[in-house]
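Inside the fold
This is what each chain is made of:
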Protein chains: 2
Amino acid sequence: MATPHALDRTLTALADPTRRAILQRLSAGEARVTDLAKPFDMSLNAVSKHIRVLERARLVERRRVGRDHFLSYRPEPLDAAAKWIAETRTFWAVRLDTLERLLREEDTAKK
Amino acid sequence: MATPHALDRTLTALADPTRRAILQRLSAGEARVTDLAKPFDMSLNAVSKHIRVLERARLVERRRVGRDHFLSYRPEPLDAAAKWIAETRTFWAVRLDTLERLLREEDTAKK
DNA sequence: AATATATTAAACCTATTGGTTGAATATAAG
DNA sequence: CTTATATTCAACCAATAGGTTTAATATATT
């Protein structure tokens, strides 16, 4: 991707199970890097990298307090993702609705 | 990912702009590989590969008619993705709703 | 001041991604 | 039968992803 756009970064961030788990954990409240890393069977550094991916996607925000970094959840980027999916998901439903309406109107006109 | 699960495959497939464009195109009706490739500034083979990613994610289905392969859109996998996002997106909203309801009930009880 | 804790930075490794080109396969059309 | 079209397969390549390990940095604790 030449200039990865917001939606690309959002969906890329969500496409990894570790990052989704981190996000869900954070959606319940902020946590430090060490706390987030605890449940995972990988190095702290690996989790630190995942967090950076989530940050780049603006799904996570960092607040430094002394040596601790508190991460918090920013849901906003999910809206664009949900919007894209909803639009694409319901395309045929919408078209069928429209078709049905048109047929109904045609019916009505005939009478 | 050891055994990439459905949601991983879905979100990975969606994380690429070319694939999202292909999917949206297909959501308007089926098309052949060549038709799909036309608008893109990349080789037919590259598009063919993108289609395979969408197929692996079950977002696209293939129907062979002679030498032509007709691809069609399968929206089902989007449901799980939308569900995940909706759950994660609305976590706090739900909690706040619950809190508000509890406070209201407590209020009512007082009277 | 010395040590322990929280975190990132940097270098490295391997596997995957997203693209290419060239050949193979299958079907259609002249 | 020969040629053109639609598509995949295979080999290759550079860039990225996801992990590791070993420093480096900053702040706390004793």
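Please read all numbers here as calculations on a predicted model, not as lab measurements.

Observations concerning a positive patch on the surface
- Residues R9, R52, R56 and R58 of chain A make up a contiguous surface patch of positive charge.
- Within the fold, R58 of chain A resides in the loop between α4 (44-56) and β2 (60-65).

Considering unusual backbone geometry
- Residue R58 of chain A is not a glycine yet carries a positive backbone phi of 60°.
- Here R58 of chain A falls in the exposed class, since its relative accessible area comes to 60%.

Some thoughts on the interface of chain A and chain B
- Counting residues at the interface gives 28 residues for chain A, matched by 28 residues for chain B.
- Here chain A and chain B share an interface that buries about 2,500 Å² over both sides, 63% of which is from carbon and sulfur atoms.
- Of all residues in chain A, the largest losses of buried area upon contact with chain B belong to W84, I85 and R89 of chain A, amounting jointly to 23% of the total for that side.
- Between D79 of chain A and R89 of chain B there is a salt bridge whose closest N-O contact spans 2.5 Å.
- Put simply, chain A and chain B have 8 residue pairs in polar contact (both at pLDDT 80 or more) between them.
- Elements supplying a minimum of two residues to the side of chain A that touches chain B: α1 (6-14), α2 (17-27), α5 (76-89) and α6 (91-110) of chain A.
- Sort the elements by how many residues they give to the side of chain A that touches chain B and α5 of chain A lands first, with 9 residues.

Structural notes on the protein's contact with DNA strand D
- Among the 20 residues in the neighbourhood of DNA strand D, the closest are listed as K49 and H50 of chain A together with T34, N45 and R62 of chain B.
- Restricting attention to atoms of DNA strand D within 4 Å of the protein, one finds that 62% of them are sugar or phosphate atoms.
- In the model, a sugar or linking oxygen of DNA strand D is placed 3.4 Å from a nitrogen or oxygen of the R67 of chain A side chain.
- V33 of chain B is positioned such that a nitrogen or oxygen atom in its backbone is 3.4 Å from a phosphate oxygen of DNA strand D.
- By residue number, the principal contributor to the surface near DNA strand D is α4 of chain A, which donates 4 residues.
- Per-class residue counts for the surface near DNA strand D are 4 nonpolar, 8 polar and 8 charged.

Concerning the sheet that holds β2 of chain A
All names here are of chain A.
- In space, the 3 strands of this open sheet follow the order β1-β3-β2, with antiparallel pairing throughout. The open sheet terminates on both sides in strands that have one partner only, identified here as β1 (31-32) and β2.
- Pairing analysis gives 2 bridges linking β1 to strand β3 (residues 68-73), with the strands arranged antiparallel. In the strand pairing of β3, A31 is matched with L71.
- Here α4 sits on the sheet in contact with β2 and β3, set at roughly 115° to β2.

Comments concerning the pattern of salt bridges
Residues and elements named next belong to chain A.
- Across all of its chains, the model carries 18 salt bridges over all chains by this definition.
- The partner of R63 in a salt bridge is E30, and the shortest N-O contact between them spans 2.3 Å. Placement of R63 in strand β2 and of E30 in the loop between α2 and β1 is noted, with a sequence separation of 33 residues between them.
- Look at R63 and you get partly exposed, because its relative accessible area is 40%.

Thresholds, definitions, all that
- Residues numbered from 1 in each chain as written.
- Chains lettered and ligands numbered in written order.
- Predicted model: local features only at pLDDT ≥ 70, side-chain atom pairs only at ≥ 80, totals over all residues.
- Heavy atoms only, no water.
- Patch = residues over 30% accessible without salt bridge, like charges linked within 9 Å, V, L, I, M, F, W, Y side chains within 5 Å.
- Areas by Shrake-Rupley, 256 points an atom, 1.4 Å probe, with all protein chains shown as cover.
- Salt bridge = Lys/Arg side-chain N within 4 Å of Asp/Glu carboxyl O.
- Lys, Arg positive; Asp, Glu negative; His and termini not counted.
- Charge placed at Lys NZ, Arg CZ, Asp CG, Glu CD.
- Helix = DSSP H or I, 4+ residues; strand = E, 2+ residues; numbered from the N terminus.
- Buried < 20%, exposed > 50% of the residue type's maximum accessible area, 1.4 Å probe, protein only.
- Contact = heavy atoms within 4.5 Å.
- Buried area = accessible area lost by both parts, 1.4 Å probe.
- Polar contact = N/O pair within 3.5 Å; in protein donor to acceptor, adjacent residues only side chain to side chain.
- Near = heavy atom within 4 Å.
- Nonpolar A, V, L, I, M, F, W, Y, C, P; charged D, E, K, R; others polar.
- Pairing = 2+ DSSP bridges.
- Axes fitted to C-alpha atoms, helices over the stretch in contact; angles between N-to-C directions.

That is the geometry; function is a separate question.
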